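One letter stands for each residue in the lines below.
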Amino acid sequence: MPTKTPALAALAGASVLALTACGGVQTSTGGGGGDDASYPSGTVEMYVGASAGGSSDLISRAVSKGLSDSLGGTFAVINREGANGALAAAEIKDAKNDGSVIGIQNASLFAITPLAVKESEVTSIDDVEVVGGVSRDDYVLVTSPKSGLKDLDDIKGASKTLTYATTGVGTGAQLSCALTFETAGATSKPVPFDGGAPALTAVLGGQVDTACLQIGEAVENIESGKLTPVTVFAPERIEYLKDVPTAKEQGLDVEVFQYRFMTVPKGTPQDVKDTIAKGMKDTFATDAYKKFNEQNSLTPMEVSGEEVTTQLETDKKRYAELVEKYDLDLAKQ
């Protein structure tokens, strides 16, 4: 099984120190665009709606490096965590549409979060334009070996209320765990965190009994024996955790997954979008990026923006049906 290398972690840490910001990156020029300027003509702010160290953050930093290598200029990753990416999404929505602000966003914000928040708080995919897909990763339910939980039968037979960490209300992590405990008939209590890294820390430290995490966030600790994988929520067994059965294999109707895609403000010029798409394509073709995907248990989802939006609509409908079927109130969990 591939593992995350120390070098990758070090690079991520260095990027966090340099680029994680409360007030953003100050620029003297915009991103450019149009007939009178090449793109990028200045620093491009690239928002990520999660804390440093998690999958969304690492993916954004890998793509930002690739864009810089391909297109020149600086693509500065800015962490604006909270509300499952809604804060970062708002930054992109409200930004000047010249390519100076872009961002990789996650599917759960548009397909799952609307099931957990008021209508006035819903972030719509129609608020931005999708340049193209990036990658997909799946969720795994993990626990500490000390918990004694090894499979879903153990969860079904638990004699106490089990706590589970998620990456926030309205996330894929919340939905996958909530569906699992509900369909298993187990008493549970969610503990939301702002991102995969703090949720991982919580289950490793015994603050919670279990956690639903993206595989890239958990696989290293699974391989080292610090975490026990209970189940995955993909349609089929996952290449990176071939020995871990799916929830459906274990008798539960739970299928939830995450994917990410590049977005820009509405009205961004087509030439700018085309340039970003070219930079993404160049990035995806490099050996370094392919290795990054493998090391972080990511499946390429390098498709057009139109294909992404179609997939989002399909998933939004499917998740809504599951929430209704099992009478889940994600807002109160």
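Residues numbered from 1 in each chain as written. Predicted model: local features only at pLDDT ≥ 70, side-chain atom pairs only at ≥ 80, totals over all residues. Heavy atoms only, no water.

The next point concerns the overall build of the protein. What the protein contains, in helices and strands, is 11 helices and 10 strands. For the protein, the exposed surface amounts to about 14000 Å²; the carbon and sulfur share of it is 49%. (Helix = DSSP H or I, 4+ residues; strand = E, 2+ residues; numbered from the N terminus. Areas by Shrake-Rupley, 256 points an atom, 1.4 Å probe, with all protein chains shown as cover.)

This paragraph deals with the pattern of salt bridges. A side chain with one charge may pair with a side chain of the opposite charge, provided their charged atoms come close. Scanning all chains against the criterion turns up 13 salt bridges. Put simply, D57 and R61 hold a salt bridge, and the shortest N to O gap is 2.9 Å. Placement of both D57 and R61 in helix α2 (residues 55–71) is noted, with a separation of 4 residues, approximately one turn of the helix. An identical accessibility class is assigned to D57 and R61; each is buried. (Salt bridge = Lys/Arg side-chain N within 4 Å of Asp/Glu carboxyl O. Buried < 20%, exposed > 50% of the residue type's maximum accessible area, 1.4 Å probe, protein only.)

Attention now goes to helix α9 (residues 270–285). For α9, which comprises 16 residues, the first-to-last C-alpha distance of 22 Å matches the rise-based estimate of 22 Å (1.5 Å per residue) to within 8%. Within the span of α9, buried status applies to V272, K273, I276, G279, M280, T283 and F284. The buried residues of α9 occupy an angular sector of 135° when projected down its axis, which confines them to one face. The exposed residues of α9 that point more than 90 degrees off its buried face are K281 and A285. In this fold, the buried residues of α9 make contact with α2, β3 (101–106), β4 (128–143), β9 (257–265) and α10 (287–295). (Expected span 1.5 Å × (residues − 1). Arc of directions from axis to C-beta. Contact = heavy atoms within 4.5 Å.)

Right, let's get into the side chain of N84. Here N84 lies in the loop between β2 (75–79) and α3 (86–94). Within the local environment of N84, its side chain forms a polar contact with the side chain of S108, the two groups lying 3.2 Å apart. Of note is the side chain of N84, whose polar atom sits 2.7 Å from the side chain of T113. Residues contacting N84, with those up to four places away along its chain left out, are G49, N106, S108, L109, T113, V169, G170 and T171. (Polar contact = N/O pair within 3.5 Å; in protein donor to acceptor, adjacent residues only side chain to side chain.)

When pLDDT is averaged along the protein, the result is 88, and 89% of the positions lie at 70 or above. Counting contacts from residues 1–29, a segment whose pLDDT is below 50, to residues more than four positions away or on other chains yields 52 contacts. (pLDDT = per-residue confidence, 0-100.)

On to unusual backbone geometry. P40 follows Y39 through a cis peptide bond whose omega is -5°. Tracing the backbone shows P40 in the loop between α1 (6–19) and β1 (44–48). For A83, which is not glycine, the phi torsion reads 60° and is therefore positive. Of note, A83 is situated in the loop between β2 and α3. Positive phi, normally seen in glycine, also occurs at S297, with a value near 60°.

The final tally for this structure, using the stated rule, is 7 aromatic pairs. Look at Y164 and F181: their rings are 5.1 Å apart centre to centre, the planes differ by 15°, and that puts the pair in the stacked class. Remark: F181 occurs in helix α6 (residues 172–184) and Y164 occurs in strand β5 (residues 162–166); sequence separation between them is 17 residues. Accessibility assignment for this pair places Y164 and F181 in one class, buried. Both rings, one in Y259 and one in F261, keep their centres 6.4 Å apart while their planes meet at 50°; by these two values the pair is tilted. (Phe/Tyr/Trp six-rings, centres within 6.5 Å; stacked < 30°, edge-to-face > 60°.)

Our next topic: the environment of Q207. Structurally, the position occupied by Q207 is in the loop between α7 (196–204) and β7 (210–214). Along the primary structure Q207 and V191 are separated by 16 residues, whereas in three dimensions their C-alpha atoms are 9.5 Å apart.

What follows concerns the environment of T166. Inspection of the secondary structure assignment puts T166 in strand β5. Counting along the chain gives 33 residues from T166 to A199, while the straight-line C-alpha distance between them is 6.2 Å. Residue contacts for T166: discarding those within four places in its chain leaves T171, A173, Q174, V191, P192, F193 and A199. In this structure the side chain of T166 is engaged in a polar contact, spanning 3.1 Å, whose partner is the backbone nitrogen of G168.

Time to look at the packing of α9 against α10. Running from N to C, α9 and α10 point in directions that differ by 75°, and their axes come no closer than 5 Å. When the axis of α9 is compared with that of α10, the two are roughly perpendicular. From α9, T283, F284 and A285 reach across to α10, where they touch D287, Y289 and K290. Partitioned by chemical class, the residues of the contact of α9 with α10 number 3 nonpolar, 1 polar and 2 charged. (Axes fitted to C-alpha atoms, helices over the stretch in contact; angles between N-to-C directions. Parallel < 35°, antiparallel > 145°, perpendicular 65-115°, else oblique. Nonpolar A, V, L, I, M, F, W, Y, C, P; charged D, E, K, R; others polar.)

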